[in-house]
Structures are given as structure tokens and as C-alpha cells.
Amino acid sequence: QVQLVESGGGLVQAGDSLTLSCMVSGRTSRTYDMNWFRQAPGKEREFVAHITWSGDSTDYADSVKGRFTISRDSAKNTMYLQMNSLKPEDTAVYYCAASPTKDPYYSTFNMDYWGKGTLVTVSS
């Protein structure tokens, strides 16, 4: 089993920056790709960013490309999402998710483990 715990959410203004963290515990000896997803009120959960287990490849949803950066520190068993130039439409609960390498990695159905989420609210 793998446990994921997100932190770093909060209330910010449009244009501000925020960094989310996802701490991984449990069977961390396995290699897991990691993703961030988000779910806005009344909407489906959507893919935000992806990073491979080695950290050598990343991908982003078009809506956040150029503003968000995903990274991971394997020594700390922690994944990050640096969010810059935040917009009101970025308001959502952000979830980290992990799975062994699967295709497509942007699908919620392919994630084996989920955190409980952290709320990000961006005011205009």
C-alpha cells in the first residue's frame, strides 16, 4: 500500500503563486509515476500534471502549461506542484495520485493510489 498526503493549499489572489506538496509513504521501494489532478465544484476530476518515477519526463494539461511545474524529490519521498500566475479558474481541490507506469497516464482510471486532496482557492 501507498499513502499520499497533500499539503500547501490555501486562499490566494489572482496572479499569486503557491506550491503544493505530496508526501508519499508506504511501499515507496516500488517505482511509481506521479500525477496531480484537480476537481472544481460541479466538475469532473481532471488531469493537471505528470512526472515519471525517475523524474526525467513531465507533461501538463494545456490549461496550466507554462504556469505550473511538477517535480519530485525521491530522497524526501515528496512530489511538488509549483503554481504561478494563478487564475480564478484554477480554484479546485488538488489531488496527488500514483501508479506504476500505465498508458494513458492522464486517466483517473489508471491511478492506483490517491490522496485526500488540498483546496486551492484563487480570488479575482
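So, here's what we can say about the structure. (Residues numbered from 1 in each chain as written. Predicted model: local features only at pLDDT ≥ 70, side-chain atom pairs only at ≥ 80, totals over all residues. Heavy atoms only, no water.)

**Regarding the overall build of the protein**
The test is simple: Strands here mean DSSP runs of E at least two residues long; helices mean DSSP runs of H or I at least four residues long; both are numbered from the N terminus. To get the radius of gyration, use the C-alpha atoms; to get the globule rule, take the number of residues to the power 0.38 and multiply by 2.2 Å. Remark: exposure states derive from per-residue accessible area (1.4 Å probe, protein chains only) relative to the maximum for the residue type, with buried under 20%, exposed over 50%, and partly exposed in between. Working definition of accessibility: Shrake-Rupley area with a 1.4 Å probe, residue cover restricted to the visible protein chains. Note that His is not counted, nor are the chain ends; the positive residues are Lys and Arg, and the negative ones are Asp and Glu. Every charge is mapped onto a representative atom, which is NZ of Lys, CZ of Arg, CG of Asp or CD of Glu.
On a plain count of helices and strands, the protein comes out with 0 helices and 11 strands. The secondary structure elements of the protein, listed N-terminal to C-terminal, are β-β-β-β-β-β-β-β-β-β-β. Its C-alpha atoms give the protein a radius of gyration of 13 Å, within 12% of the compact-globule value 14 Å for 124 residues. If one aligns the C-alpha atoms of the protein with their principal axes, the spans along those axes are about 40 × 25 × 25 Å. Burial status across the protein gives 41% buried among its 124 residues. By element, 48% of the accessible surface of the protein is carried by carbon and sulfur atoms, the whole surface being about 6600 Å². For the protein, the distance from the average site of its 12 positive side-chain charges to the average site of its 13 negative ones is 5 Å.

**Here's the deal with the pairing of strand β4 (residues 33–39)**
Definition in use: Being paired, for any two strands, means DSSP has found at least two bridges between them.
Taking burial as the measure, the 7 residues of β4 include 6 buried ones, the bulk of the element. Sheet topology note: the β4/strand β9 (residues 92–99) ladder contains 7 bridges and is antiparallel. Residue pairing in the sheet places N35 in a bridge with A97 of β9. Sheet analysis places β4 next to strand β5 (residues 46–51), joined by 5 bridges and oriented antiparallel.

**With respect to the packing of aromatic side chains**
Let me state the cut-off plainly: Ring pairs shown here join Phe, Tyr and Trp side chains whose ring centres sit within 6.5 Å, with only the six-membered ring taken for Trp; geometry is labelled stacked below 30 degrees between planes, edge-to-face above 60, and tilted in between. Throughout this description, the term charge over a ring refers to an Arg CZ or Lys NZ atom that lies within 6 Å of the ring centre and within 35 degrees of the ring normal.
Taken as a whole, this structure holds 7 aromatic pairs when the rule is applied. Aromatic side chains F37 and W114 sit 5.0 Å apart centroid to centroid with 50 degrees between the ring planes, which places their arrangement in the tilted category. Within this pair, whereas F37 is found in strand β4, its partner W114 is found in strand β10 (residues 113–114), the two being separated by 77 residues in sequence. The class of W114 is partly exposed, set by a relative accessible area of 28%. Centre to centre, the rings of Y95 and W114 are 6.3 Å apart; their planes meet at 85 degrees, and the pair counts as edge-to-face. Placement of the pair is Y95 in strand β9 and W114 in strand β10, with a sequence separation of 19 residues. When its relative accessible area of 12% is taken as the criterion, Y95 is described as buried. Aromatic rings pair up to connect F37, F47, Y95, Y105, Y106 and W114 into one cluster. Geometry around Y95 places R45 over its ring, the cationic atom sitting 3.7 Å from the centre. A cation sits over an aromatic face here: R45 above W114, 4.8 Å from the ring centre.

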